[in-house]
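The chain contents come next:
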Amino acid sequence: MLLSGDEALARGAYEAGVKVACAYPGTPSTEILETLSGYPEVDTQWSVNEKVAFEVAYAASIGGVRSLYASKHVGLNVAMDPLMTSSYAGVRAGFVVVVCDDPGLHSSQNEQDSRWVSMFGKLPLLEPANPSEAYEFVREAFSISEKFDTPVLLRMTTRVAHSKEDVAIGRRVEHQPFEFKIDAAKYVMVPKNAYRAHAKVEARQADLAKFADTTPLNHLEPGTGPVGFITTGVSYYYLKQQFPEAPILKLGFSYPFCDEKIAAFAKSAGEVFVMEELDPVIEEHCRMLGIAIRAKHPSFRVGELRPELMRPIVAGEAKVEQPSTARRPVLCRGCPHRFVFTMLRKSKAIVAGDIGCYTLGSAPPLSALHTCICMGASITFQEGLRRALPGRKIAGVIGDSTFVHSGITGLINAVYNKAKGLIVILDNSTTAMTGGQNHPATGATITGKPTKKLIIEDVVRACGVDNVDVVSAYDLKALGTLITDRLAGDALSVIIARAPCRLIDRDSRPAPAYDKDKCKTCGICLSVDCPALTESPGGYVAIDRETCMGCNLCVAVCPPGALTRVEDIAS
Amino acid sequence: MKQTTTSVLFCGTGGQGVLKASEVLGVAAMLSGNRVKKSEVHGMAQRGGSVESHLIFGDTVYSPLIVPGEADFLVCFEANEGKRLAHFLKSDGVNLLPWLEEAENLPDSRFINTYLLGVLSSMLAIGQEHWMTAIETVVAKKIEENRRIFALGASRGKG
């Protein structure tokens, strides 16, 4: 079957008998849980956030069944608290923590190298280099987890998670649950127990290092040529393509390090070059061992590697930055967020943004968002900016899924600490950026089954916010009035701007009419950044009627009335 | 050791079916006995941004990414994207740009990808039955119409 790294990993976990799997969506990891949710034998969920996902899955392991957590790199940051102590408490049944890094920032806010997490948490690390390995390694990860009584980190990158290849699959083998045992010394991490557990972790590190030197997951490929390579992940295949004859030490079990294999390889190879994406993890370790190696120029720590970079890197060249010529993504045609951004921009407020499709509103010509750091950091940024800039108009915007993920705590903080200002919740009833996953406020589970629906306005009121308005995101006039009024007010206000995501509700209405004679070529309609409107010679505009969904935002902002609404005959 | 592979770079903008087209070729190539690797990036595909998918098949395939200057075929669904990535094509590689205009004249722009796949099929040694199975499994919608457009593209490619 042609499977992506995510799909292959999910298949491997399924066959290894995984019983519970939890995640919060995040590119490029989303398809792991989406695939697992198709198997009725696996209890899957979209969790509220990554910390919750980690804890639910981890507890299932302690309860005796094989379990899995998956997220993108920045998602794992949210789960760091339980991760660090799970290393001490260990597991009962196998527990695999999948993290997908995004070198090159295809769809992320940073390009952190999560291999450091395995060192920080003292957890073993497996790194598949392609989908077939993702399928195989996850099974290994479960057995390593059980053998060494530890969660196992399995790290992929975008080029592994989202590349596809033909993978030979097998059948599920049910994993007999282990008996749950009350064991306070192991699972109650009070100082006395944790102190002993820490000593166990250090002993485990030594055992894992021995395992690293014997496991075939780290394998030596003899070859010829002046340079031998130590590598991991997809870089292995870039090297195979460019230097097919070279000797290679490929690390699949990359932490703790296989020091003896590294030393033996260095002795046998003429010159050793460490080829790794992002941070100098293997490089620094080799230097610490006192092994003479060469490695990529530090400029290549930024961005992803590609096959055509292998030879320049080995030649010791610095990175030559190529300006991106790719078309930038924009908010979809008819997107309700565009209405809110049009009015926020008009208000001249400083706008704290968050993570989601709506972050696209930060690019010109909309330029409606002014900060974006991490999930949930709009409500808190609104508060912090206002504390620094009293008297300025400041708003925060956050999506529905992000609000449930980590916006609620910030909102309670704002109420508790008597913060003022405006929060707009862009409620399009889905986790849109990652492809439309359910969350608590959609009223459906990962498999689409109906569940208790979280009512966002009730939550906002329960947090203690007195000024709560729910408005259609398409009602530009009401939005404008509310935004102006609430920004001028001296209280904390929340506006919930609600309209379904246009990737779900694809109903379109007729495109507007355009009277070129009335057009003053002011360009205001173009400033809403609609993919159906383009500038034509002389400052006039052209409407792509196939693309236009008839949202009529351009009509609403057109001062001379050159653009006019065309009524839908059917309605 | 020289790789005996065929590499095809698909490109366009979000919503044009770039990923679906490369998936069809990937499945067809796999069914005809090749090892296949495909690389793509999700997330921006429905938001009008640039979308590209690298597909490589043959006896042994290492990298899932095509090296610039080594693509055998460039299949663009949008002319500017094709120009932007033209440097990926081999000096004797085939650019399907001349067929894009024909495809754009189809009454329904949603079939541009199927038409260009048809054109591509006339230049590759992959059996017709594998293409049809791939279309049925990957596209799964409007099969008859897709078959017809695919055949139309295939006949134009030969001509």
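What counts, and at which threshold
Residues numbered from 1 in each chain as written. Chains lettered and ligands numbered in written order. Predicted model: local features only at pLDDT ≥ 70, side-chain atom pairs only at ≥ 80, totals over all residues. Heavy atoms only, no water. Helix = DSSP H or I, 4+ residues; strand = E, 2+ residues; numbered from the N terminus. Rg over C-alpha atoms; globule rule 2.2 N^0.38 Å. Buried < 20%, exposed > 50% of the residue type's maximum accessible area, 1.4 Å probe, protein only. Contact = heavy atoms within 4.5 Å. Domains from an automatic or database assignment. Buried area = accessible area lost by both parts, 1.4 Å probe. Salt bridge = Lys/Arg side-chain N within 4 Å of Asp/Glu carboxyl O. Polar contact = N/O pair within 3.5 Å; in protein donor to acceptor, adjacent residues only side chain to side chain. Nonpolar A, V, L, I, M, F, W, Y, C, P; charged D, E, K, R; others polar. Phe/Tyr/Trp six-rings, centres within 6.5 Å; stacked < 30°, edge-to-face > 60°. Lys NZ or Arg CZ within 6 Å of the ring centre and 35° of its normal. Core = buried A, V, L, I, M, F, W, Y, C linked by side-chain atoms within 4.5 Å. Patch = residues over 30% accessible without salt bridge, like charges linked within 9 Å, V, L, I, M, F, W, Y side chains within 5 Å. Areas by Shrake-Rupley, 256 points an atom, 1.4 Å probe, with all protein chains shown as cover. Lys, Arg positive; Asp, Glu negative; His and termini not counted. Charge placed at Lys NZ, Arg CZ, Asp CG, Glu CD. Pairing = 2+ DSSP bridges. Axes fitted to C-alpha atoms, helices over the stretch in contact; angles between N-to-C directions. Left-handed = near helix turned anticlockwise from the far one by under 90°.

Things to note about the overall build of chain B
Inference 1: The helix and strand tally for chain B stands at six helices and five strands.
Inference 2: Ordering the α and β elements of chain B from the N terminus gives β-α-β-β-β-α-β-α-α-α-α.
Inference 3: Here chain B has a C-alpha radius of gyration of 14 Å; the compact-globule value for 159 residues is 15 Å, and the two agree.
Inference 4: Dimensions of chain B, computed from the C-alpha atoms along their principal axes, are close to 45 × 35 × 35 Å.
Inference 5: Counting across all 159 residues of chain B, residues that qualify as buried make up 57%.
Inference 6: Considering only contacts in chain B between residues 6 or more positions apart, those separated by 24 or more positions represent 64%.

A short note on the domain arrangement of chain A
Accessible area lost on assembly of the parts is the figure often given for the size of an interface.
All names here are of chain A.
Inference 1: Each assigned domain of chain A is listed with its residue range as follows: domain 1 (2–214), domain 2 (218–314), domain 3 (337–498) and domain 4 (513–570).
Inference 2: Measuring from the centre of the C-alpha atoms in domain 3 to the corresponding centre in domain 4 gives 28 Å.
Inference 3: Summed over both sides, the interface of domain 3 with domain 4 buries roughly 760 Å², with 66% coming from carbon and sulfur.
Inference 4: Taken as a group, Arg338, Phe339 and Pro365 account for 55% of the area that domain 3 buries against domain 4, more than any other trio of residues on that side.
Inference 5: Linking domain 3 with domain 4 are zero salt bridges, by the criterion used here.
Inference 6: In this structure, the connection of domain 3 to domain 4 is made through three residue pairs in polar contact (both at pLDDT 80 or more).
Inference 7: Of all the elements, helix H15 (residues 337–347) adds the most residues to the side of domain 3 that touches domain 4, at four residues.
Inference 8: Per-class residue counts for the side of domain 3 that touches domain 4 are six nonpolar, one polar and two charged.

Overview of the packing of aromatic side chains
All names here are of chain A.
Inference 1: Counting across every chain of the model gives 13 aromatic pairs over all chains.
Inference 2: Judged by centre distance (5.2 Å) and plane angle (85°), the ring pair of phenylalanine 54 and phenylalanine 95 falls under edge-to-face. With a gap of 41 residues between them, phenylalanine 54 in helix H3 (residues 50–62) and phenylalanine 95 in strand E5 (residues 95–101) connect regions that are remote in the sequence.
Inference 3: A relative accessible area of 0% means that phenylalanine 95 is categorised as buried.
Inference 4: A centroid spacing of 5.7 Å and a plane angle of 90° characterise the contact between tyrosine 255 and phenylalanine 257, whose relative ring orientation is edge-to-face. Comparing tyrosine 255 with phenylalanine 257 shows no difference in burial state: the two are buried.
Inference 5: Among the aromatic side chains, those forming a connected cluster through ring pairs are Phe54, Tyr58, Tyr69 and Phe95.
Inference 6: In this structure, lysine 250 packs its charged tip against the face of tyrosine 236, placed 5.5 Å from the ring centre.
Inference 7: Over the face of the ring belonging to phenylalanine 243 we find arginine 311, whose NZ or CZ atom lies 4.4 Å from the ring centre.

Looking at the nonpolar core
Residues and elements named next belong to chain A.
Inference 1: Core analysis: the largest hydrophobic core is formed by 99 residues, its most contacted members being Ile32, Leu33, Leu36, Leu68, Leu154, Phe229 and Ile230.
Inference 2: With seven residues, the single largest contributor to this core is helix H7 (residues 131–148).
Inference 3: Summarising the domain contributions, this core has at least three residues from each of domain 1 (2–214) and domain 2 (218–314).
Inference 4: Listed in part, the 71 residues of the second largest apolar core include Tyr358, Val459, Leu479 and Ile483.

Brief notes about the pattern of salt bridges
Inference 1: Tallied over the full model, the rule gives 42 salt bridges over all chains.
Inference 2: The salt bridge involving arginine 35 of chain B is made with aspartate 166 of chain A; its shortest N-O contact spans 2.7 Å. Residue arginine 35 of chain B is located in strand E2 (residues 35–40), and its partner aspartate 166 of chain A is located in strand E8 (residues 163–166); the two belong to separate chains.
Inference 3: Residue class for arginine 35 of chain B comes out partly exposed when judged on its relative accessible area of 40%.
Inference 4: Here the residues in one salt-bridge network are Asp101, Asp113, Arg115, Glu127, Arg155 and Glu276 of chain A, joined through shared partners.

As for a positive patch on the surface
Inference 1: Judged by side-chain charge, Arg333 and Arg506 of chain A together with Lys20, Lys141 and Lys142 of chain B come together as a positively charged surface patch.
Inference 2: Mapped onto the fold, lysine 142 of chain B is located in the loop between helix H5 (128–138) and helix H6 (143–158).
Inference 3: Residue classification places lysine 142 of chain B among the partly exposed residues on the basis of a relative accessible area of 48%.

Here's the deal with the sheet that holds E5 of chain A
Residue and element names in this part refer to chain A.
Inference 1: Here we have seven strands laid out as an open sheet, ordered E3-E2-E4-E5-E7-E6-E12, and mixed in their pairing. Sheet topology places strand E3 (43–46) and strand E12 (253–255) at the edges, where each strand pairs with a single neighbour.
Inference 2: Pairing of strand E6 (residues 125–126) with strand E7 (residues 152–157), which is carried by two bridges, proceeds in the parallel orientation. Considered in E7, the bridge of leucine 125 is made with leucine 153.
Inference 3: Its contacts with the sheet put H3 on strand E2 (20–23), E3, strand E4 (67–72) and E5, and the angle it makes with E4 is roughly 160°.

Things to note about the packing of helix H1 (residues 18–31) of chain B against helix H4 (residues 112–121) of chain B
Residue and element names in this part refer to chain B.
Inference 1: Between H1 and H4, the least distance of the axes is 10 Å, while the angle of their chain directions is 35°. Seen from above, H1 lies across H4 with right-handed handedness. For the pair H1 and H4, contact is made by Ala21, Val24 and Leu25 and by Asn113, Leu117 and Leu120, respectively.
Inference 2: Within the contact of H1 with H4, the residues separate by chemical class into five nonpolar, one polar and no charged.

Some points on the sheet that holds E8 of chain A
Sheets are built from strands paired through backbone hydrogen bonds, the pairs being either parallel or antiparallel.
Inference 1: Read across the sheet, seven strands follow the order E1(A)-E8(A)-E2(B)-E3(B)-E1(B)-E4(B)-E5(B) without closing on themselves; strand pairing throughout is mixed. At either margin of the open sheet sits one strand with a lone partner, and together these are strand E1 (2–4) of chain A together with strand E5 (89–95) of chain B. Direction aside, the axes of adjacent strands within the sheet are offset by 20° on average.
Inference 2: Where E8 of chain A and E2 of chain B come together, three bridges link them in antiparallel fashion. Paired with lysine 164 of chain A across the bridge in E2 of chain B is lysine 38 of chain B.

A short note on the interface of chain B and chain A
Inference 1: On the chain A side, the residues contacting the 38 residues of chain B number 39 residues.
Inference 2: Counting the surface lost from both chain B and chain A, the interface buries some 3,300 Å², and carbon and sulfur atoms represent 55% of this.
Inference 3: Joining chain B to chain A, the criterion identifies four salt bridges.
Inference 4: One salt bridge in this structure joins glutamate 23 of chain B and lysine 164 of chain A, with 2.9 Å as the shortest N-O distance.
Inference 5: Linking chain B with chain A are nine residue pairs in polar contact (both at pLDDT 80 or more).
Inference 6: Counting residues per element, the ones that place at least two in the side of chain B that touches chain A are H1, E2, strand E3 (50–58) and helix H2 (79–84) of chain B.
Inference 7: In terms of residue count, E2 of chain B provides more of the side of chain B that touches chain A than any other element does, six residues in total.
Inference 8: Each residue belonging to the side of chain B that touches chain A can be placed in one class, and the counts come to 13 nonpolar, 14 polar and eleven charged.

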